[in-house]
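Here is what each chain is made of, one letter per residue.
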Amino acid sequence: MNTQALFLDSITEGPSLPSQARTRSGVVFDPRQDRWEFRDGVKNVNLVFDGWGLKNSELKDGFKRALAWQIRSMSPSHAVNMHVKTKHLFKFLMDQFSGLPAEISEEHLISYAADPMALKNGYLSGLSGFLKKWHELGYPGVSQGAVDYLKSVRLRGNEKGAAVRTMDPVWGPLTVIETEALLDALSDAFRDQKVSTQDYLLVWLVIAIGMRPVQYATLKVCDLKVLQTQGGDETFILSIPRAKQQGVVDMRSVKKNRAILPEVGKLMLLHIQEVKLRFSALLPDLEQAPMFPAMSAQRTASGYEFHNGSTALANRVKRVLESLSVRSHRTGEQIHIAATRFRRTIGTRAAEEGHGPLVIAEILDHTDTQNVGVYTEATPAIIERIDRAIAIQMAPLAQAFAGKLIKSEADATRGADPSSRIIDLRIDRSGQAMGSCGQYSHCGFSAPIACYRCSCFEPWLDGPHEAVLAYLLDRREKLLVTTDERVASINDLAILAVAEVVRRCDEVKVSKLEHANV
């Protein structure tokens, strides 16, 4: 059965728009209205057709019909994109031609192609297919001359991969130092109960796995699987619905398995129990509860009751990470947060580790390799050489040190407890302590290297921090010779944390000398 033909009959039927149109998944909306507002899966759609010069006309009618076809045959997200780009075109025509024409002509498109904003963002290239389809469907609004022009020229699209190739510090991949700084700040905020379990898990997944927000929005509690290994250990597998799969109506019908860390998986199990308890009286099948439910009741589509919209989840991730106020060592400013940056980071890391296009496409859940070549072309983000001067200069920007500098053991949280002292005879043979641990519970991290990045660490003003810094820098240089940059850079953030302690100690000592000489 030709379902496209059936839909075209219904949308072109009669002199006016029909009272109903449908999305690909069956959501019904009224195309006659000047605001199309509905929810399709986890995508909230809100398209407005008034207030920007688009009065009742054949152009408006044809535009609506073409968008309705897009929603039915492709996806609401694609239709939203075309709505935004067409709105920009119409506003340009309003300004340049003193009003909207009855029909978009070749002359209009030639003028628009020369517009700096449209040229920079590749708007006409992005609209070309939509305008040609609009005319092909027989809807009024696009002339044959306009279509002939689009077919005769080669339009430059929005440059792809520039942010990755140049390691753009605002839109490009994060460096290892930036990524670890965000994860450290997130863990600290969660430990201090400044971030909820749900937000911690969501943000951790975005940083660690790098899937699209829409994929996290469609997750349900049943998507976490716990497998037992032969040795009795637990393996946690998250089945993530796939996005942008051609011909797939329901994202949840096709999934990609991703292994997650056991400690995160165990926390997710506790979170799932809380979610099921919350929805015990609201859903007949608790296994279908959303993994990241909306904070309040809202409009939802069938099968996605109580699910957050994809945009809402993306905004939540942005709010949580921005609240951490982590600065970039490259810009000195707060790290710019965007979901695309984490996908670019995952792809870049995979390329740096030597993976080819096929593996990178699999990691990023691409259906082909046409958009992953940029990662193998990108410049490595690893700092090749770090000496003491560079470390001291970068330290304040990296914000790697999270503890509290104290004058001596007498000022420590556990000053009366000798076991709180942090000592490493490899670094200082005399056994001089670097500082104290202010945590009362057991810690499984490797002292003293991990201590400098821990908020419970209390370094002493006269501790052998210069020796620690020299030890780490020497170890890094040796690893550069015997292994590679990836291995050698493992402790870069720890180096910057120690450097910050050295810098602060120097500042205090200089200040004391200045006061003594007054």
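Residues numbered from 1 in each chain as written. Predicted model: local features only at pLDDT ≥ 70, side-chain atom pairs only at ≥ 80, totals over all residues. Heavy atoms only, no water.

Comments concerning the pairing of strand 6 (residues 234–241)
Inference 1: Among the eight residues that make up strand 6, six are buried, leaving the element largely enclosed by the rest of the structure.
Inference 2: Looking at chain direction, strand 5 (residues 224–228) and strand 6 are connected through five bridges and run antiparallel. When the sheet's bridge partners are listed, Leu-224 is paired in strand 6 with Leu-238.
Inference 3: Hairpin connection, strand 5 to strand 6: the antiparallel pair is bridged by five residues, and Gly-232 has positive phi, about 90°.
Inference 4: Alignment of strand 6 against strand 7 (residues 255–260), held across six bridges, turns out to be antiparallel. Bridge pairing in strand 7 places Pro-241 opposite Lys-255. (Buried < 20%, exposed > 50% of the residue type's maximum accessible area, 1.4 Å probe, protein only. Helix = DSSP H or I, 4+ residues; strand = E, 2+ residues; numbered from the N terminus. Pairing = 2+ DSSP bridges.)

Thoughts on the sheet that holds strand 6
Inference 1: The strand order 5-6-7 describes an open sheet built from three strands, whose pairing is antiparallel. Each of the sheet's edge strands pairs with one partner strand only, and the pair in question is strand 5 and strand 7. Each adjacent strand pair in this sheet contributes to an overall mean axis angle of 30°, direction not counted.
Inference 2: Packed on one face of the sheet, helix 10 (residues 197–209) meets strand 6 and strand 7 and runs near 100° to strand 7.
Inference 3: Its contacts with the sheet put helix 12 (residues 262–278) on strand 5, strand 6 and strand 7, and the angle it makes with strand 6 is roughly 65°. (Axes fitted to C-alpha atoms, helices over the stretch in contact; angles between N-to-C directions. Contact = heavy atoms within 4.5 Å.)

Here's the deal with helix 17 (residues 388–398)
Inference 1: Taken together, the buried positions of helix 17 are Ala-391, Ile-392, Met-394, Ala-395 and Ala-398.
Inference 2: Of the residues flanking the start of helix 17, the one acting as N-cap is Asp-387, its side-chain oxygen 3.2 Å from the backbone nitrogen of Ala-389. (Polar contact = N/O pair within 3.5 Å; in protein donor to acceptor, adjacent residues only side chain to side chain.)

Description of the packing of aromatic side chains
Inference 1: All told, the structure shown has 12 aromatic pairs when counted by the stated rule.
Inference 2: Between Trp-36 and Phe-49, the ring centres sit 4.7 Å apart and the planes meet at 55°, which makes this aromatic pair tilted. Here Phe-49 lies in the loop between strand 4 (43–48) and helix 2 (58–73) and Trp-36 lies in strand 3 (residues 35–40), a separation of 13 residues in the sequence. Pair check on accessibility: Trp-36 and Phe-49 agree, each one buried.
Inference 3: Each ring, one from Phe-63 and one from Trp-134, has its centre 5.8 Å from the other, and the planes form 25°; the classification is stacked. Linking Phe-63 in helix 2 with Trp-134 in helix 6 (residues 123–136), this pair joins segments that are 71 residues apart in sequence. Assigned by exposure class, Phe-63 and Trp-134 land together as buried.
Inference 4: An aromatic cluster is built from Phe-29, Trp-36, Phe-38, Phe-49, Phe-63, Phe-90, Phe-130 and Trp-134, whose rings are joined through pairwise contacts.
Inference 5: Here Lys-64 stacks its cationic end above the ring of Phe-49, 5.2 Å away from the centre of that ring.
Inference 6: Against the face of Tyr-440 rests Arg-414, its NZ or CZ located 5.6 Å from the ring centre. (Phe/Tyr/Trp six-rings, centres within 6.5 Å; stacked < 30°, edge-to-face > 60°. Lys NZ or Arg CZ within 6 Å of the ring centre and 35° of its normal.)

Structural notes on the confidence of the model for the protein
Inference 1: The share of residues in the protein with pLDDT of 70 or more is 92%, and the mean pLDDT across the chain is 87.
Inference 2: Contacts of residues 1–14 to residues separated by more than four positions or lying in other chains number 21 contacts, the stretch itself having pLDDT below 50. (pLDDT = per-residue confidence, 0-100.)

Structural notes on the environment of Leu-109
Inference 1: Inspection of the secondary structure assignment puts Leu-109 in helix 4 (residues 106–113).
Inference 2: Each C-alpha atom, one on Leu-109 and one on Gly-145, is 9.9 Å from the other, the two residues being 36 residues apart in sequence.
Inference 3: Ignoring anything within four residues of it in the chain, the contact list for Leu-109 reads Ile-104, Leu-124, Leu-131, Ala-146, Tyr-149 and Leu-150.

So, the state of the cysteines
Inference 1: Here the structure, examined in full by the defined rule, presents zero disulfides.
Inference 2: There is no disulfide at Cys-443, and the cysteine sulfur nearest it, in Cys-454, is 6.2 Å away.
Inference 3: Here Cys-443 falls in the partly exposed class, since its relative accessible area comes to 39%.
Inference 4: This cysteine, Cys-456, is not joined by any disulfide, and Cys-454 carries the nearest cysteine sulfur, 4.2 Å off. (Disulfide = S-S within 2.5 Å.)

Side note on the pattern of salt bridges
Inference 1: Considering all chains together, one arrives at 28 salt bridges under this definition.
Inference 2: The residue Asp-188 makes a salt bridge to Arg-191 at a minimum N-O spacing of 3.3 Å. Of this pair, Asp-188 and Arg-191 both sit in helix 9 (residues 176–191), three residues apart, which is roughly one turn of that helix.
Inference 3: Between Arg-476 and Asp-492 there is a salt bridge, with its nearest N and O atoms 2.6 Å apart. Residue Arg-476 is found in helix 18 (residues 465–482), and its partner Asp-492 is found in helix 20 (residues 492–516); the two are separated by 16 residues along the sequence. Exposure class is identical for Arg-476 and Asp-492. Each is buried. (Salt bridge = Lys/Arg side-chain N within 4 Å of Asp/Glu carboxyl O.)

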